[in-house]
Amino acid sequence: FEPISVGIAIGAASALTGYLSYTDLYCRFAECCREEQPLNASALKQELEEKLFGQHLATEVILKALTGFKNNKNPKKPLTLSLHGWAGTGKNFVSQIVAENLHRKGLKSNFVHLFVSTLHFPHEQQIKLYQARNSDQLQSWIRGNVSACASSLFIFDEMDKLHPGVIDAIKPFLDYYEQIDGVSYRKAIFIFLSNAGGDLITKTALDFWRAGRKREDIQLKDLEPVLSVGVFNNKHSGLWHSGLIDRNLIDYFIPFLPLEYRHVKMCVRAEMKARGSAVDEDIVTSVADEMTFFPKDEKIYSDKGCKTVQSRLDFH
Ligand SMILES: Nc1ncnc2c1ncn2[C@@H]1O[C@H](COP(=O)(O)OP(=O)(O)OP(=O)(O)O)[C@@H](O)[C@H]1O
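Remember, it's a predicted structure, so these values are computed and weren't measured experimentally.

> Outline the overall build of the chain, listing residues and values.
Assigned secondary structure in the chain consists of 13 helices and seven strands. Counting across all 316 residues of the chain, residues that qualify as buried make up 46%. The long-range share in the chain, meaning contacts at least 24 apart out of those at least 6 apart in sequence, stands at 76%. Counting every atom, the chain has about 16700 Å² of accessible surface; 54% of that belongs to carbon and sulfur.

Printed below as a string of structure tokens:
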């Protein structure tokens, strides 16, 4: 062995490992955008199966969509998911789980961005003003965030209340472009949440129930025609006016079913455990009994899903 080259090799190796561990160490404390970091699909699956109640379709589609996208080294467009359903059925909740599985700090991550349309664009009548000024702002906000981290996650809540003109501002980012002004958006993920189609999803679930069929037997194909009428052709829901659908820019439509009495009970139990208290079945029943259910005669589905469970539990 030649002493000089051995020395160089050791130096290089230690510099390399030193650098690697420094990066690792750094990322442990500060947050790093690790674009290539694979998704732990089994962890996500387990979390969804344990924590998300009564949403077998959403669980299945979300898993499939995310694993497929994250395993693809060279996606042709960003991933766009559109979550639909009645209030309190878990759309925000699932977005939070997805965020945590993509970026360690979840909703608090610098690479996860939640946009609430009624908060950011509150007054419909001023939309023209907003449109001009805020569309630019919205675009540069998205551009800035994706430049900082290609695998950024954007969650747009209350999408049905967002004006189509504003959605137009997002549209170019969702398309099949290699780059826009030097920035590639293909590794980003966009999640849209809305109540649009919720009533029709409920109607399908109710038809199954009335026919004595199991909820878990509802398949995506049972809901697709329903969603296509209620959402794709509904000129009143902003998203659909904007051409996102015509241009096939939404990759997955994900239905959230209305929650039943038993699911509300599961939410109460989960909330009690999260608060570190023992599960008291008497309290579980009385919280669930306080919720209101529809339709009037059968009383099967909770009006607000699991939404008010947390605050109701405070009174027990
Ligand atoms: N399917 C579910 N499984 C477990 N917990 C749920 C489920 N749905 C709702 N929850 C609980 O209820 C809370 C409120 O639900 P969430 O905010 O996700 O509803 P949403 O569908 O986004 O409603 P909205 O359309 O009104 O915004 C969640 O934080 C979660 O604790």
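Moving on from the model shown.
> Just give me the short version of the site of the ligand, but keep the residues and values in it.
Around the ligand lies a shell of 18 residues, among which Phe 53, Gly 88, Lys 91, Asn 92 and Lys 307 are the nearest. Between an oxygen atom of the ligand and a main-chain N or O atom of Cys 306, the distance comes to 3.4 Å. Considered on its own, the ligand offers 630 Å² of accessible surface; in the complex 85% of this is hidden by protein. Taking a 2 Å distance to the grid points as the criterion, the majority of the atoms of the ligand fall inside the largest pocket. It is helix H4 (residues 91-102) that provides the largest number of residues to the shell around the ligand, a total of three residues.

> Pulling in residues and values, what's your account of helix H7 (residues 164-174)?
Burial runs high along H7: nine of the eleven residues are buried. Among the residues of H7, Pro 164, Gly 165, Val 166, Ile 167, Ala 169, Ile 170, Lys 171, Phe 173 and Leu 174 are the ones counted as buried.

> So, the pattern of salt bridges: which residues are in play, and what are the values?
Tallied over the entire structure, the rule returns twelve salt bridges. The closest approach of N and O atoms between Arg 275 and Asp 314, which form a salt bridge, is 2.9 Å. Of this pair, Arg 275 sits in the loop between helix H11 (261-274) and helix H12 (281-290) while Asp 314 sits in the segment after helix H13 (309-313); the two residues are 39 residues apart in sequence, bridging distant segments of the chain. Looking at Asp 314, the relative accessible area reads 53%, which means it is exposed. When salt bridges that share partners are traced, they join Arg 215, Glu 216, Glu 260 and Arg 262 into one network.

> Please set out the domain arrangement of the chain residue by residue, giving values where relevant.
Each assigned domain of the chain is listed here: domain 1 (41-256) and domain 2 (261-313). Taken together, the contacts link twelve residues of domain 1 with 16 residues of domain 2. Carbon and sulfur atoms make up 66% of the area that domain 1 and domain 2 hide from each other, which totals about 1100 Å². In this structure, the connection of domain 1 to domain 2 is made through two salt bridges. One salt bridge connects Arg 210 with Glu 298, and the closest N-O pair in it is separated by 2.7 Å. For the pair domain 1 and domain 2, the interface holds four residue pairs in polar contact (both at pLDDT 80 or more).

> Quick rundown of the UniProt feature "binding site: ATP" (unreviewed entry) in the chain? Include the residues and the values.
The sites that UniProt annotates as "binding site: ATP" (unreviewed entry) are Gly 85, Trp 86, Ala 87, Gly 88, Thr 89, Gly 90, Lys 91 and Asn 92. In this structure, the largest pocket is lined, among the annotated residues mentioned, by Ala 87, Gly 88, Thr 89, Gly 90, Lys 91 and Asn 92. On the accessibility criterion, Ala 87 (29% relative accessible area) is partly exposed. Setting aside chain neighbours within four positions, we find Ala 87 in contact with Asn 195, Lys 304 and Gly 305.

> Could you give me a rundown of the packing of aromatic side chains, with the residues and numbers involved?
This structure, assessed with the given rule, holds eleven aromatic pairs. Ring centres of Phe 115 and Phe 156 lie 5.1 Å apart, and the angle between their planes is 45 degrees; on these two criteria the pair is classed as tilted. Here Phe 115 is found in strand S2 (residues 112-116), whereas its partner Phe 156 is found in strand S3 (residues 153-157), with 41 residues between them in sequence. Overall, the relative accessible area of 5% leaves Phe 115 in the buried class. Looking at Lys 77, its charged tip hangs above the ring of Tyr 176, at a distance of 6.0 Å from the centre.

> Could you give an account of the layout of surface pockets, with specific residues and numbers?
The space that makes up the largest pocket amounts to roughly 830 Å³. As for the largest pocket, its lining consists of 30 residues, of which Gly 88, Gly 90, Phe 93, Cys 306 and Gln 310 are closest to the centre. Breaking the lining of the largest pocket down by element, the ones donating at least two residues are helix H2 (41-51), H4, strand S4 (189-194), H11 and H13. A per-element tally of the lining of the largest pocket places H4 first, with six residues. Split by residue class, the lining of the largest pocket holds twelve nonpolar, eight polar and ten charged. Residue assignment places the lining of the largest pocket across two domains, with domain 1 (41-256) and domain 2 (261-313) each supplying three or more. Approximately 390 Å³ is the volume attributed to the second largest pocket. Taken together, 19 residues line the second largest pocket, and the ones lying closest to its centre are Cys 32, Arg 34, Gln 37, Leu 102 and Arg 104. If you list the elements that add at least two residues to the lining of the second largest pocket, you get helix H1 (3-29) and H4. Taken together, the residues that form the lining of the second largest pocket break down as seven nonpolar, five polar and seven charged.

Parameters at a glance
- Residues numbered from 1 in each chain as written.
- Predicted model: local features only at pLDDT ≥ 70, side-chain atom pairs only at ≥ 80, totals over all residues.
- Heavy atoms only, no water.
- Helix = DSSP H or I, 4+ residues; strand = E, 2+ residues; numbered from the N terminus.
- Buried < 20%, exposed > 50% of the residue type's maximum accessible area, 1.4 Å probe, protein only.
- Contact = heavy atoms within 4.5 Å.
- Areas by Shrake-Rupley, 256 points an atom, 1.4 Å probe, with all protein chains shown as cover.
- Near = heavy atom within 4 Å.
- Polar contact = N/O pair within 3.5 Å; in protein donor to acceptor, adjacent residues only side chain to side chain.
- 1 Å grid on protein atoms, 1.4 Å probe; cavity = no way out; pocket = protein on both sides within 12 Å on 5 of 7 lines; lining within 4 Å.
- Sits in = over half its atoms within 2 Å of the grid points.
- Salt bridge = Lys/Arg side-chain N within 4 Å of Asp/Glu carboxyl O.
- Domains from an automatic or database assignment.
- Buried area = accessible area lost by both parts, 1.4 Å probe.
- UniProt positions renumbered as here; feature names shortened; annotations may be inferred.
- Phe/Tyr/Trp six-rings, centres within 6.5 Å; stacked < 30°, edge-to-face > 60°.
- Lys NZ or Arg CZ within 6 Å of the ring centre and 35° of its normal.
- Points joined across faces, edges and corners; volume = space filled by probe spheres on them.
- Nonpolar A, V, L, I, M, F, W, Y, C, P; charged D, E, K, R; others polar.

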